[in-house]
Amino acid sequence: MENTSWAFDRPITSPFARPRGLAGRLAGRFMLLTNEQRELVALLGVRPGDHVLEVGYGPGKLVRMLASGPAARICGVDPSAEMREQAARPHRGDDRIDLRLGTADATGFGDGVFDGAVSVNNVALWPDLGAGVRELHRVLKPGGKVVIAWHGGSLPGRIAGTLKLPEDKLAMIRGSMGELFEDVERHELKALTAFTGIRPRTEGP
Ligand SMILES: C[S@@+](CC[C@H](N)C(=O)[O-])C[C@H]1O[C@@H](n2cnc3c(N)ncnc32)[C@H](O)[C@@H]1O
């Protein structure tokens, strides 16, 4: 895993961004308690039978919410073995849930297999924004929906407020999505700024 990202000009060392060891496990527990995710479920709009991918699931708060909904399959990738352990623990024996090690730009899943794909609080940690967006486009079915969200929103708490991305970086996310997805929209949730887009049903060569 590279320690640099497209969004920051300094190496990333925080246990929240690169959870490993005891500090990573504690960071995971903290994120489970504090990170706000419920509004994303509505934004993703999961329908009965959908196959959904979460990139950067961390301790698995959103996976838990998705698991209590109508999705037929919930898959995820995260580069952290500690996060995989925490996120997978409540779902042992549930064969709808498939959480793997992987990254936004190399999920390991096949072409066009998901109805929805979501990334929350990790887009600014990706080494290469365009490579991650291309990978989400690749794994979505035509007509599938992508949601990319980062700390911010209309009522961010103290932590989300300090982690907000500047407008030029948000514009880069929107621009990168706009190259491959249609109907790209920005949503100010309570503690997240989110972008949604749809993989076009027909695409040029
Ligand atoms: C701040 S945590 C957010 C976890 C969770 N999505 C949440 O909001 O509670 C960031 C997560 O992104 C993961 N991550 C870091 N780089 C990544 C990458 N290139 N692709 C996918 N996930 C990544 C980290 O391992 C970590 O679990």
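Cut-offs and rules
Residues numbered from 1 in each chain as written. Predicted model: local features only at pLDDT ≥ 70, side-chain atom pairs only at ≥ 80, totals over all residues. Heavy atoms only, no water. Patch = residues over 30% accessible without salt bridge, like charges linked within 9 Å, V, L, I, M, F, W, Y side chains within 5 Å. Areas by Shrake-Rupley, 256 points an atom, 1.4 Å probe, with all protein chains shown as cover. Salt bridge = Lys/Arg side-chain N within 4 Å of Asp/Glu carboxyl O. Helix = DSSP H or I, 4+ residues; strand = E, 2+ residues; numbered from the N terminus. Buried < 20%, exposed > 50% of the residue type's maximum accessible area, 1.4 Å probe, protein only. UniProt positions renumbered as here; feature names shortened; annotations may be inferred. Near = heavy atom within 4 Å. Polar contact = N/O pair within 3.5 Å; in protein donor to acceptor, adjacent residues only side chain to side chain. Core = buried A, V, L, I, M, F, W, Y, C linked by side-chain atoms within 4.5 Å. Contact = heavy atoms within 4.5 Å.

A closer look at a nonpolar patch on the surface
And step 1. A surface patch of nonpolar side chains, about 330 Å² in accessible area, is lined by Phe16, Phe30, Ile159 and Leu163.
And step 2. Here Phe30 is to be found in helix H1 (residues 21-34).
And step 3. On the basis of relative accessible area, Phe30 is assigned to the partly exposed category, the value being 36%.

Describing the UniProt feature "domain: Methyltransferase type" (unreviewed entry) in the protein chain
And step 1. Following the UniProt record, one finds the feature "domain: Methyltransferase type" (unreviewed entry) at residues 53-148.
And step 2. As a span, residues 53-148 carries 27% helix and 31% strand, and end to end its C-alpha atoms are 12 Å apart.

With respect to the site of the ligand
And step 1. For the ligand, the set of nearby residues contains 25 residues, the closest of which are Asn35, Gly56, Asp78, Ala104 and Val120.
And step 2. Asn35 places a polar side-chain atom, nitrogen or oxygen, 2.9 Å from an oxygen atom of the ligand.
And step 3. In this structure, Gln37 approaches the ligand through a side-chain N or O atom, which is 3.2 Å from an oxygen atom.
And step 4. Surface burial for the ligand is 97%, taken as the share of its 600 Å² of free accessible area covered by protein chains.

Let's talk about the nonpolar core
And step 1. Formed by 31 residues in total, the largest nonpolar core has its most connected members in Leu53, Val123, Trp126, Leu136, Ile148, Ile173 and Met177.
And step 2. Elements with a minimum of two residues in this core: strand E1 (51-55), strand E2 (73-78), strand E4 (114-120), helix H5 (129-139), strand E5 (140-151) and helix H7 (167-178).
And step 3. Contacts of Val123, omitting those with residues within four sequence positions, involve Trp6, Leu129, Ile148, Ala149, Trp150 and Ile173.
And step 4. Leu44, Val52, Leu66 and Ile97 belong to the second-largest nonpolar core, a separate cluster that totals 23 residues.

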